[in-house]
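# Reading the structure
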Amino acid sequence: MKCANCGAPIEANDEVCQYCGTRTAYGVSMLEEHRKQEQEEKERRALESLPKMKYVSLGFVIFVYVITLGYYAPYWYATRMKSLNDLDSGTKLPAWAVGLYALACAAVILVSDLTGMLGLNAELSEEIPGYISGIVLVGSVWLAFLVRKILQGYAAKFMDKDIAVGTIASSGVMLVFFGPLYLQSSINKMIKMKLLAPQI
């Protein structure tokens, strides 16, 4: 083999010509490989420094949501509360609100049995489920919008606030009707955008 610059003989594994210092084809490929490894290491370190959130396929979340008749929602909020609060977005998801929402969801199942067991009058027995369902509905919507605010506030650290609002859980209608399903899809998107790291 000969140097492309000066024509001096070179060995196959020489990275530079010993006579003129020109980088050889092997040297160029080794330099590119070294740069690629440095970039991968830099990305790995950057990913490790990001807050972690659970990545769950949307199909699985929908499946669990349907099987549990929507009662997966309080579990979703409870299991992601710490990770969401660790995002340091200026907004927190209060444990009391998640707990009250979980209790209200549980009460919807138990209320008809309890009213009969407690011997409440018929009129009150019919009104209580409506009140509890109202609490569940209001709690569901409020928690969904609160989590959206947390996610958008965190994303605004990496991009313009208007872009964060338009990119992360931007549809209010989807939040109202699909709450945790829509929020999980936004978290998955943020993981793909490398704003969050997947929790293992």
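See above for the structure.
Source: prediction; values computed, not measured.

This paragraph deals with the packing of helix α3 (residues 72-85) against helix α7 (residues 172-192). Axis separation between α3 and α7 bottoms out at 9 Å; the angle between their running directions is 40°. With respect to α7, the element α3 is oriented oblique. Taken as a pair, α3 and α7 cross one another with a handedness that is left-handed. On α7, the residues that touch Ala73, Trp76, Tyr77 and Arg80 of α3 are Gly179, Pro180, Leu183, Gln184 and Ile187. Residues that form the contact of α3 with α7 fall into these classes: six nonpolar, two polar and one charged.

A grouping of Val173, Met174, Val176, Phe177 and Phe178 is seen on the molecular surface, where their side chains present a nonpolar patch of about 470 Å² in accessible area. Relative to the elements of secondary structure, Met174 occurs in helix α7.

Right, let's get into the packing of aromatic side chains. Going through the model one piece at a time under the given rule, you end up with five aromatic pairs. With centroids separated by 5.9 Å and ring planes inclined at 80°, the aromatic side chains of Tyr77 and Tyr101 adopt a geometry described as edge-to-face. Here the residue Tyr77 occupies a position in helix α3, and Tyr101 occupies one in helix α4 (residues 95-118), the gap between them amounting to 24 residues. The class for Tyr101 is buried, based on a relative accessible area of 5%. With 5.2 Å between their ring centres and 65° between their planes, Tyr154 and Phe158 make a pair best called edge-to-face. Assessed through its relative accessible area of 45%, Phe158 is described here as partly exposed. Through successive ring pairs, a cluster of aromatic residues spans Trp76, Tyr77 and Tyr101.

Let us look at the packing of helix α2 (residues 58-67) against α7. Helix packing for two helices is described by the angle between their axes and how far apart those axes are. It is the contact of α2 with α7, at a shortest axis distance of 10 Å, that shows an interaxial angle of 165°. What the angle tells us is that α2 and α7 run roughly antiparallel. For the pair α2 and α7, the sense of crossing is right-handed. Touching Leu58, Val61, Ile62 and Tyr65 of α2 are Pro180, Leu181, Gln184, Ser185 and Asn188, all from α7.

Next up on the list: the nonpolar core. With 41 residues, the main nonpolar core has Tyr77, Leu93, Leu151 and Leu183 as its most contacted residues. Contributions of two or more residues to this core are made by α2, α3, α4, α5 (122-155) and α7. Leave out the neighbours within four places in its chain, and Leu151 touches Leu84, Leu87, Ile168, Leu183, Ile187 and Met190.

Basis of the calculations
- Residues numbered from 1 in each chain as written.
- Predicted model: local features only at pLDDT ≥ 70, side-chain atom pairs only at ≥ 80, totals over all residues.
- Heavy atoms only, no water.
- Axes fitted to C-alpha atoms, helices over the stretch in contact; angles between N-to-C directions.
- Helix = DSSP H or I, 4+ residues; strand = E, 2+ residues; numbered from the N terminus.
- Parallel < 35°, antiparallel > 145°, perpendicular 65-115°, else oblique.
- Left-handed = near helix turned anticlockwise from the far one by under 90°.
- Contact = heavy atoms within 4.5 Å.
- Nonpolar A, V, L, I, M, F, W, Y, C, P; charged D, E, K, R; others polar.
- Patch = residues over 30% accessible without salt bridge, like charges linked within 9 Å, V, L, I, M, F, W, Y side chains within 5 Å.
- Areas by Shrake-Rupley, 256 points an atom, 1.4 Å probe, with all protein chains shown as cover.
- Salt bridge = Lys/Arg side-chain N within 4 Å of Asp/Glu carboxyl O.
- Phe/Tyr/Trp six-rings, centres within 6.5 Å; stacked < 30°, edge-to-face > 60°.
- Buried < 20%, exposed > 50% of the residue type's maximum accessible area, 1.4 Å probe, protein only.
- Core = buried A, V, L, I, M, F, W, Y, C linked by side-chain atoms within 4.5 Å.

Shape descriptors only; they carry no functional weight alone.
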